[in-house]
Amino acid sequence: MVIIGAGECGGRAALALRDLGYDGPVTLVGDEPHLPYERPPLSKEAMASDAPEIKAIASDAILAEKSIRHIHSVQAVAIDRMAHTVRLSDGSVLPYDKLLLATGSTPRKLPMPGLGARCVYLRTFADALAIRAHLSAGSRIAVIGGGFIGLELAAASRKLGASVTVIEAQPRILMRGVPAEIAEIIHQAHVAEGVDILCGDGIASIADDGKEVRVTLAGGREITADLAIIGIGAVPATGLAAEAGLTIDNGIAVDAELRSSDPDIFAAGDCCSFPLAVYGGRRVRLEAWRNAQEQGALAAKNMLGIGEAHAAVPWFWSDQYGLSLQIAGLSDEGRSTVRRDLGDGAFILFHLAGDGRLVAASGIGPGNAVARDIRLAEMLIGKQARPAPEALGSQAVKLKSLLAA
Ligand SMILES: Cc1cc2nc3c(=O)[nH]c(=O)nc-3n(C[C@H](O)[C@H](O)[C@H](O)COP(=O)(O)OP(=O)(O)OC[C@H]3O[C@@H](n4cnc5c(N)ncnc54)[C@H](O)[C@@H]3O)c2cc1C
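Residues numbered from 1 in each chain as written. Predicted model: local features only at pLDDT ≥ 70, side-chain atom pairs only at ≥ 80, totals over all residues. Heavy atoms only, no water.

Asks: Explain the overall build of the chain to me, using residue names and the numbers behind them.
Replies: For the chain, the count of helices and strands is 11 helices and 26 strands. For 405 residues, the compact-globule estimate of 2.2 N^0.38 gives 22 Å, and the C-alpha radius of gyration of the chain, at 22 Å, lies within 12% of that figure. Each principal axis of the C-alpha distribution contributes one length, and for the chain these read about 60 × 55 × 35 Å. Residues classed as buried in the chain amount to 53% of the 405 residues present. Look at the contacts in the chain between residues 6 or more apart in sequence, and 60% of them connect residues 24 or more apart. A total accessible area of about 16,900 Å² is found for the chain, and carbon and sulfur atoms account for 52% of it. Charge separation in the chain, taken as the distance between the mean sites of 39 positive and 46 negative side-chain charges, equals 3 Å. (Helix = DSSP H or I, 4+ residues; strand = E, 2+ residues; numbered from the N terminus. Rg over C-alpha atoms; globule rule 2.2 N^0.38 Å. Buried < 20%, exposed > 50% of the residue type's maximum accessible area, 1.4 Å probe, protein only. Contact = heavy atoms within 4.5 Å. Areas by Shrake-Rupley, 256 points an atom, 1.4 Å probe, with all protein chains shown as cover. Lys, Arg positive; Asp, Glu negative; His and termini not counted. Charge placed at Lys NZ, Arg CZ, Asp CG, Glu CD.)

Asks: Summarise the sheet that holds strand 2 (residues 26-29); cite the residues concerned and give the values.
Replies: If you walk across this open sheet you meet the five strands as 3-2-1-7-19, and the pairing is parallel. Of all strands in the sheet, those with a lone pairing partner are strand 3 (68-71) and strand 19 (265-267), marking the two edges. Direction aside, neighbouring strands of the sheet carry axes that sit 20° apart on average. Across three bridges, strand 1 (residues 2-4) lies against strand 2 in parallel orientation. In the strand pairing of strand 2, isoleucine 4 is matched with valine 29. Set on the sheet, helix 1 (residues 8-19) makes contact with strand 1, strand 2, strand 3 and strand 7 (99-101); between it and strand 2 the angle comes to about 175°. The strands touched by helix 8 (residues 289-303) within the sheet are strand 1, strand 7 and strand 19, with strand 7 carrying the most contacts at an inclination of about 160°. (Pairing = 2+ DSSP bridges. Axes fitted to C-alpha atoms, helices over the stretch in contact; angles between N-to-C directions.)

Asks: Explain the sheet that holds strand 9 (residues 119-120) residue by residue, including any values.
Replies: One open sheet accounts for five strands, arranged 9-16-10-11-12; its pairing is parallel. The open sheet is flanked by strand 9 and strand 12 (196-199), the only strands paired with a single partner. Pairing of strand 11 (residues 163-168) with strand 12 involves four bridges; the strand directions are parallel. Across the sheet, residue isoleucine 167 finds its bridge partner in strand 12, namely leucine 198.

Asks: An account of the site of the ligand is needed here, citing residue identities and associated values.
Replies: Around the ligand, the structure places 33 residues, and the nearest of them are Asp31, Glu32, Lys44, Arg123 and Asp270. Here glutamate 8 contributes a backbone N or O atom positioned 3.3 Å from an oxygen atom of the ligand. Taken together, the elements giving at least two residues each to the shell around the ligand come down to helix 1, helix 5 (148-159), helix 8 and strand 22 (315-320). Tallied by class, residues from the shell around the ligand come to 16 nonpolar, eight polar and nine charged. (Near = heavy atom within 4 Å. Polar contact = N/O pair within 3.5 Å; in protein donor to acceptor, adjacent residues only side chain to side chain. Nonpolar A, V, L, I, M, F, W, Y, C, P; charged D, E, K, R; others polar.)

Asks: Requested: an account of helix 8, with residues and values cited.
Replies: Its 15 residues give helix 8 an end-to-end C-alpha distance of 21 Å, which sits within 8% of 21 Å, the value for a rise of 1.5 Å per residue. Of all 15 residues in helix 8, 11 are buried, a share of seventy percent or more. Taken as a whole, helix 8 has its buried residues at Arg290, Asn291, Ala292, Gln293, Gln295, Gly296, Leu298, Ala299, Ala300, Asn302 and Met303. Positioned one or two residues after helix 8, glycine 305 has a phi angle of 85°, which is positive. (Expected span 1.5 Å × (residues − 1).)

Asks: A description of the environment of glycine 5 should follow, citing residues and the corresponding values.
Replies: As for its placement among the helices and strands, glycine 5 is situated in the loop between strand 1 and helix 1. On the accessibility criterion, glycine 5 (13% relative accessible area) is buried. Along the chain, glycine 5 and phenylalanine 347 lie 342 residues apart, while their C-alpha atoms are 38 Å from each other. Residues contacting glycine 5, with those up to four places away along its chain left out, are Gly10, Leu28, Val29 and Ala102.

Asks: I'd like a description of the environment of serine 92, backed by residues and values.
Replies: Mapping serine 92 onto the fold places it in the loop between strand 5 (85-88) and strand 6 (93-95). Under the relative-accessibility criterion, serine 92 is labelled partly exposed at 30%. Separated by 227 residues in sequence, serine 92 and aspartate 319 have C-alpha atoms that sit 42 Å apart. A distance of 2.6 Å separates the side chain of serine 92 from the side chain of aspartate 90, its partner in a polar contact.

Asks: With reference to specific residues and values, describe the pattern of salt bridges.
Replies: Applying the stated rule across the entire model yields 28 salt bridges. Linking glutamate 287 and arginine 285 is a salt bridge whose minimum nitrogen-to-oxygen distance equals 2.7 Å. Through salt bridges that share partners, Arg290, Glu294, Arg375 and Glu378 make up one connected network. (Salt bridge = Lys/Arg side-chain N within 4 Å of Asp/Glu carboxyl O.)

Asks: Give me the packing of aromatic side chains: which residues, what numbers.
Replies: Counted according to the given criterion, the structure contains four aromatic pairs. Centroid distance tryptophan 315 to tryptophan 317: 5.8 Å. Interplanar angle 20°. Geometry classified as stacked. Assigned by exposure class, tryptophan 315 and tryptophan 317 land together as buried. Of the aromatic side chains, those joined through ring pairs into one cluster are Trp289, Trp315 and Trp317. (Phe/Tyr/Trp six-rings, centres within 6.5 Å; stacked < 30°, edge-to-face > 60°.)

See below:
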């Protein structure tokens, strides 16, 4: 068994192969110099620390104990599907029976001239260290893109006393997948903390002279910063798969068992698009931590021939200041929403399809306020339940009781 990409998904898949009792060789190949590690802390805890550390998914000792061969700092450069081999950047060749591509995604690049060393992206621990070095009281940070990573970094930068401007070309922040009502709460939290958020104005030009970055907006406004952090989304890492002739469709296209167009090659995590059973097989690609974990474990099962179909409901979270946002399901499947207030300013929006099915739930509140109810909503979504809107909206009705219905 060979796994390309030693991130969240690849790391979990390697461990799962052993947990499932597979005792043949398992090789995990990663182009980063580290043990497989968690990425969510990179925009959260790592920014709050003076000396950020990696949160490893598995230690060297565990990998050794489980006889998982971890080849790091080496890239897989070509797959020979006929010969069943993978060529690595150090010239070595690995044979495989089953191959898992868990190559993740990479930051979408801002297609613009003028970018220099002070214009950065966040994906890896190395990126996080470089960004953290610029965050301090008085530093000026421009965040380009009002998505999750940009906003989490804006929050972290403010906490360290930097002045922060967020630039979002869309009319509001978090346009993708987050209801306007919840995006507004997050917007106001940033404003209350002193972040300047500029929406609805695109970037006309960027000039980075190595000492500072000047961002000029289409509307004429100029922002000068010590660092411009660009967070405008991610693109799936499909180059290796495409070169090998695998079908690509917004990611490496896989079936419900995460098998690509080659029956011996699987793909999972951020890099793949797959049919989501809960929405009638709609093909999606998710960039989410739990999805990467679950798909790593599922791919391991199916590499061993277990034949289990993907059945999970998407789930995502983001932490900014004291607020936690959680979304179960895909809210764009909904046609109407019902709001349930949970107290302390926390609330959940339930998204219902035209036929009354609960298809998503988006919640926000302090700390863990929405976690339990989002978990229950996720189970209702998984069951394709059609709860009465009045029951969803009423605090007097326990969500758990709707599960039994
Ligand atoms: C800063 C940040 C914050 C995040 N916060 C959240 C959050 O709050 N909530 C949430 O749900 N999700 C969050 N995510 C998303 C989550 O971390 C990802 O969905 C998850 O890491 C995807 O796992 P993966 O294994 O598919 O990809 P990755 O974790 O990206 O792992 C892929 C690995 O494969 C390597 N690789 C690629 N090509 C090759 C090759 N040819 N040869 C060898 N190695 C290769 C890459 O370098 C990388 O190490 C965040 C992501 C980032 C970057």
